[in-house]
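Close look at the chain arrangement
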Amino acid sequence: MKKVFLGLVLQLACAPPLAALDAWSLEKCSIYTKAWRNYDAGRPELGTEFRASNEAFIASGCQARVLACPENDTEFEVADQLSWIMVIEGAPGSFLPFSCSRSAQETR
């Protein structure tokens, strides 16, 4: 138990504060934020969970491993468009928050 606790403390202590992020990390997050705001605006079909996950990702400086799981056609379309934008801008796919847990995938 002490080893687990120590590991968690070290992970939290080693996480870079937002001010310490490099310029590319900040730029990627800025690009993602602008694109998300454009796609989020006026789309009532986007679910509250999908919206909340994306907002949490942005609030973390695009650093948190948030699972933004698309659940309907509009959410899949938005995730696809955001993915294309970020790839065109040079961000790796691992940057994106789009992912679903195995249990969420099995219920579809």
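In what follows, the accompanying structure is described. Because the structure is a prediction, the values reported are computed rather than measured.

We now examine the state of the cysteines. For the coordinates displayed, the defined rule picks out two disulfides. At a sulfur-sulfur separation of 2.2 Å, the disulfide partner of Cys 29 is Cys 62. Taking the torsion about the S-S bond as the criterion, the Cys 29 to Cys 62 disulfide, at about 70°, is right-handed. Taken together, the positions of Cys 29 in helix 2 (residues 23-40) and Cys 62 in the loop between helix 3 (48-59) and helix 4 (73-88) put the pair 33 residues apart, joining distant regions of the chain. Each of the two residues, Cys 29 as well as Cys 62, counts as buried.

With that settled, the discussion passes to the packing of aromatic side chains. With the rule as written, the count across this model stands at six aromatic pairs. Ring centres 6.1 Å apart and planes at 75° place the aromatic pair Tyr 32 and Phe 95 in the edge-to-face group. Here Tyr 32, found in helix 2, pairs with Phe 95, found in the loop between helix 4 and helix 5 (102-106); they are 63 residues apart in sequence, far enough to count as distant. Measuring from ring centre to ring centre gives 5.9 Å for Trp 36 and Phe 50, while their planes differ by 65°; the resulting arrangement is edge-to-face. One end of the pair, Trp 36, is in helix 2; the other, Phe 50, is in helix 3, with 14 residues separating them in the sequence. Of the two residues, Trp 36 and Phe 50, both sit in the buried class. Through pairs of rings, three or more aromatic residues link up here, namely Tyr 32, Trp 36, Phe 50, Phe 57, Phe 95 and Phe 98.

Definitions and limits used
Residues numbered from 1 in each chain as written. Predicted model: local features only at pLDDT ≥ 70, side-chain atom pairs only at ≥ 80, totals over all residues. Heavy atoms only, no water. Disulfide = S-S within 2.5 Å. Helix = DSSP H or I, 4+ residues; strand = E, 2+ residues; numbered from the N terminus. Buried < 20%, exposed > 50% of the residue type's maximum accessible area, 1.4 Å probe, protein only. Phe/Tyr/Trp six-rings, centres within 6.5 Å; stacked < 30°, edge-to-face > 60°.

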